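Residue-level structure breakdown
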Amino acid sequence: MKRAVVIGATGQIGRPAVRALARDGWAVTAASRGGGRDASWPDEVRTVRLDREDDAALAAVIGEDCDLVVDIVAFGDRHARQLTAMAGRVGSAVVISSVSVYEDDKGRNFDTQADPDGFPEYPVPLPETQRTVTSGDTSYSTRKAALERELLAAGEQLPTTLLRAGAVHGPHCRTPRELYFVKRNLDGRRRRVLAYGGESRFHPASVHTLAELIRLAAARPASRVLNACDDEAPTVAEIAAAIDTVMGTETETVLVDGPPPAPTVGDSPWSVPVPVVCDMSAAQRELGYHPVVRYAETLPETVEWIERQLSGRDWREAYPKMVQAYGDLFDYAAEDAWLDRA
């Protein structure tokens, strides 16, 4: 059996990735900070504790003869150099990157979106050949670009598939965008405001889609970058309606043309002025990828997970990273004040 090490195995992407590789015949070592085990993994999966920042510990887990390293948590050029330093004993790698590395032809990207007229206008669909931000250590996007640069420079010494993930969704997510609608429904909010006419599209990527792409890339090693998103890119209004269906609620949607009419009002985690929709044809061509799930089909497990995390807890305690990323998502007083004036 070929041997695979998955770094970040107990995260939202790692769990289904380990399961997919094990079912595909790999002897999998699941490495994570806590060394935990997912109940869905076969008994043959080996689990180990790993501090990713400990070079010696990482080298010990990978060993002298490893066919595949799947790195879910790699971030920046330091982590890339950790991997390339072991090129002689690793057959190939699959590493998660992000669509946030893209910038448009005017140099606008996700780091400039807060500036006036700063949101990038990407081609639709967005291909892997689109230019990317300058690599560095100033932001999430530039550090992911630095990760890509280092790994691609290794070439055939360490063939690496970089998967540029979209808006990742599924259980165990620490920043689930679906929280925006799930909590509103739990709180009995039966009116919602959506900016940009509810037409915002930010391409989702199911953890099941990513696991399938990891499985396929593992069997076809090469040095390349591929978009990693679902087959569908629903609008924010369609996502909201799908969550309502799962939760058995009916909600009136108030659509606003253009940007949020007031701070926090109508500004969901998907609210973007122009579509961010990725081209998946390269993955289909190079890996033989075919869609494995539809967005609406995966929602019940996502909603159930979010509801469990919220049970008996303030949302800020359950999802502190959502506060860091988006601020106050549930400023109902501001929303009601705007609705009263509208």
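Below, the structure is looked at part by part. (Residues numbered from 1 in each chain as written. Predicted model: local features only at pLDDT ≥ 70, side-chain atom pairs only at ≥ 80, totals over all residues. Heavy atoms only, no water.)

Brief notes about the overall build of the protein chain
Using the following cut-off: Numbering of helices and strands runs from the N terminus, with a helix taken as a DSSP run of H or I at least four residues long and a strand as a DSSP run of E at least two residues long. Atoms counted for the radius of gyration: C-alpha only. Globule rule: 2.2 Å times residue count to the power 0.38. Between buried and exposed lies partly exposed: a residue is buried under 20% and exposed over 50% of the maximum accessible area for its type, with that area taken using a 1.4 Å probe on protein chains only. Contacts were defined at the residue level, with two residues in contact if any of their heavy atoms lie within 4.5 Å. For the area figures, the Shrake-Rupley method with a 1.4 Å probe applies, and any residue is considered shielded solely by the protein chains shown.
Within the protein chain, the regular secondary structure consists of 12 helices and 11 strands. At 20 Å, the protein chain has a C-alpha radius of gyration in line with the 20 Å of a compact globule built from 342 residues. Overall, the protein chain is about 65 × 45 × 35 Å in size when its C-alpha atoms are taken along their principal axes. Residues classed as buried in the protein chain amount to 56% of the 342 residues present. If you take every contact in the protein chain between residues at least 6 apart in sequence, the share linking residues at least 24 apart comes to 77%. For the protein chain, the accessible area works out to roughly 14600 Å², and carbon and sulfur atoms hold 47% of it.

Points about the nonpolar core
This is how the line gets drawn: We call a set of buried residues a nonpolar core when its members are Ala, Val, Leu, Ile, Met, Phe, Trp, Tyr or Cys and they connect through side-chain atoms within 4.5 Å of each other.
Core analysis: the biggest nonpolar cluster contains 74 residues, and L21, F181 and I214 have the highest contact counts within it. Take this core: its biggest share by element is seven residues, from helix 6 (residues 207-219). Core analysis: the second largest hydrophobic core is formed by 25 residues, V61, C66, L147 and V225 among them.

Side note on the packing of aromatic side chains
The geometry of an aromatic ring pair is captured by the separation of the ring centres together with the interplanar angle, meaning the angle of the planes. Convention followed: For Phe, Tyr and Trp, rings pair up if their centres lie within 6.5 Å, where Trp contributes its six-membered ring, and each pair is then called stacked (planes under 30 degrees apart), edge-to-face (over 60) or tilted (otherwise). Lysine NZ or arginine CZ positioned within 6 Å of the ring centre and within 35 degrees of the ring normal marks a charge as sitting over the ring.
Applying the stated criterion across every chain, the model contains 10 aromatic pairs. Note on Y102 and Y122: the rings are 6.5 Å apart at their centroids and 65 degrees apart in plane angle, and the pair reads as edge-to-face. Here Y102 is found in the loop between strand 5 (90-98) and helix 4 (140-154), whereas its partner Y122 is found in the loop between strand 5 and helix 4, with 20 residues between them in sequence. Across the pair, exposure class does not vary: Y102 and Y122 are buried alike. A centroid spacing of 5.0 Å and a plane angle of 80 degrees characterise the contact between Y180 and F181, whose relative ring orientation is edge-to-face. As far as the burial class goes, Y180 and F181 line up, both buried. These aromatic residues form a ring-pair network of at least three members: Y180, F181, W270, W315, F330 and Y332. Here the guanidinium or amino end of K183 rests over the ring plane of F330, the centre of that ring lying 5.4 Å away. One cation-aromatic arrangement involves R184 over Y180; the distance from NZ or CZ to the ring centre is 5.5 Å.

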